[in-house]
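One letter stands for each residue in the lines below.
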Amino acid sequence: MDAMDAIFSRRSIRQYASKKVPLEVVEELLKAAMCAPSAGNERPWHFVVITERAILDEIPKFHPYAAMLKQARVAIVVCGDPALEKHKGYWVLDCAAATENLLLAITARGLGAVWTGVYPTEDRVENLRKLLNLPQNIVPFSLIPLGYPAEEKPRTDRFDKSRVHHNGW
């Protein structure tokens, strides 16, 4: 699948087949995530791969939008390390870029995923930090449940010409 196909066909997938995602595929997805641009090329991110069923099942107890983890075989938490940022406050943008690269790579590999927000909701940040034993300086930014899709969603055209302005508002 080429890049434009991945962009236009990426959809939020919340239902997954029971087929296991090979760790080699997960590593390839992480390589794609780490190709994201970052301010000053500092790459202030870390990734936590979750495959243990007990951990996946615990997250929906404190994250109200993470029920799909009960079906997912794997999830990736994109984390930021503000100490690694060169330009103050940009770690959030950098982690968002890494998250989007991850989602596009997942789509390109025939998998499905959904961006589940963690940061800046403090209780989600703290509960995930505690569950995963993250250092205090590491901020869980996004949670990406993924797997082989058990649902199909059609491509959508989200282009809205009224949101485009040329040479000013």
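Since the model is a prediction, treat every value here as computed from it, not as a measurement.

Novice: Whenever I open this one, the packing of aromatic side chains confuses me. Can you help?
Specialist: Aromatic ring pairs are described here by two measures, namely the spacing of the ring centres and the angle between the planes. Applying the stated criterion across every chain, the model contains 5 aromatic pairs. On the numbers, 6.2 Å between centres and 80° between planes, the contact of Trp 91 with Phe 141 is edge-to-face. Taken together, the residues Trp 91 in helix α4 (residues 91-108) and Phe 141 in strand β5 (residues 139-147) connect sequence positions 50 residues apart. Pair check on accessibility: Trp 91 and Phe 141 agree, each one buried. Positioned above the aromatic ring of Tyr 148, the side-chain terminus of Lys 19 is 4.3 Å from the ring centre.

Novice: What am I meant to see in the packing of helix α2 (residues 23-33) against α4 here?
Specialist: Geometry of a packed helix pair, given as the angle between the helix axes and the separation of the axes. Where α2 contacts α4, the two axes come as close as 7 Å, and the packing angle between them is 140°. As far as their axial angle goes, α4 and α2 are oblique. Crossing of α2 over α4 shows right-handed handedness. When α2 is examined against α4, the residues Leu 29, Ala 32 and Ala 33 are found in contact with a partner set consisting of Ala 98, Asn 101, Leu 102, Ala 105 and Ile 106. Looking at the contact of α2 with α4 residue by residue, the classes come out as 7 nonpolar, 1 polar and no charged.

Novice: Where do I start with the side chain of Arg 10 in this structure?
Specialist: Looking at the element boundaries, Arg 10 is found in the loop between α1 (3-9) and α2. Among buried Asp, Glu, Lys and Arg side chains, Arg 10 stands out as unpaired, with Glu 100 the closest opposite charge at 4.4 Å. Dropping the residues within four chain positions of it, Arg 10 is found in contact with Glu 100, Leu 103, Leu 104, Thr 107 and Arg 158.

Novice: Please explain unusual backbone geometry as it appears in this structure.
Specialist: Of all residues except glycine, most have a negative phi; of all peptide bonds, most are trans. Here the residue pair Tyr 119 and Pro 120 is connected by a cis peptide bond, since its omega of 10° sits within 30 degrees of zero. Residue position: Pro 120 is located in the loop between β4 (116-117) and α5 (122-131). Positioned with a positive phi, Asn 41 is a non-glycine residue whose angle comes to about 55°. In this fold, Asn 41 is placed in the loop between α2 and β1 (45-50). One non-glycine residue with positive phi stands out, namely Arg 43, at about 50°. In this structure, Arg 43 sits in the loop between α2 and β1. Given the relative accessible area of 39%, Arg 43 is considered partly exposed.

Novice: Can you help me understand the pairing of strand β2 (residues 74-80) in this one?
Specialist: The two faces of the sheet receive side chains in turn, since in a regular strand these alternate between them. With 7 of 7 residues buried, β2 is to be regarded as a mostly interior element. Burial along β2 is two-sided: Val 74, Ile 76, Val 78 and Gly 80 facing one way and Ala 75, Val 77 and Cys 79 facing the other are all buried. Pairing of β1 with β2, which is carried by 6 bridges, proceeds in the antiparallel orientation. Counted as the bridge partner of Val 49 is Ile 76 from β2. Summarising the sheet, β2 and β5 pair through 7 bridges and their orientation is antiparallel. Looking across to β5, one finds that Ile 76 is bridged to Ile 144.

Novice: Is there a simple way to think about the environment of Ser 142 in this case?
Specialist: As for its position among the elements, Ser 142 is in strand β5. Separated by 64 residues in sequence, Ser 142 and Val 78 have C-alpha atoms that sit 5.2 Å apart. Ignoring any residue separated from it by four or fewer positions in sequence, one finds Ser 142 in contact with Ile 76, Val 77, Val 78, Thr 99, Trp 115, Thr 116 and Val 118. One polar contact links Ser 142 to Thr 99, side chain to side chain, over a distance of 2.9 Å.

The rules behind the values
- Residues numbered from 1 in each chain as written.
- Predicted model: local features only at pLDDT ≥ 70, side-chain atom pairs only at ≥ 80, totals over all residues.
- Heavy atoms only, no water.
- Phe/Tyr/Trp six-rings, centres within 6.5 Å; stacked < 30°, edge-to-face > 60°.
- Helix = DSSP H or I, 4+ residues; strand = E, 2+ residues; numbered from the N terminus.
- Buried < 20%, exposed > 50% of the residue type's maximum accessible area, 1.4 Å probe, protein only.
- Lys NZ or Arg CZ within 6 Å of the ring centre and 35° of its normal.
- Axes fitted to C-alpha atoms, helices over the stretch in contact; angles between N-to-C directions.
- Parallel < 35°, antiparallel > 145°, perpendicular 65-115°, else oblique.
- Left-handed = near helix turned anticlockwise from the far one by under 90°.
- Contact = heavy atoms within 4.5 Å.
- Nonpolar A, V, L, I, M, F, W, Y, C, P; charged D, E, K, R; others polar.
- Lys, Arg positive; Asp, Glu negative; His and termini not counted.
- Salt bridge = Lys/Arg side-chain N within 4 Å of Asp/Glu carboxyl O.
- Pairing = 2+ DSSP bridges.
- Polar contact = N/O pair within 3.5 Å; in protein donor to acceptor, adjacent residues only side chain to side chain.

On their own, these measurements won't tell you what the molecule is for.
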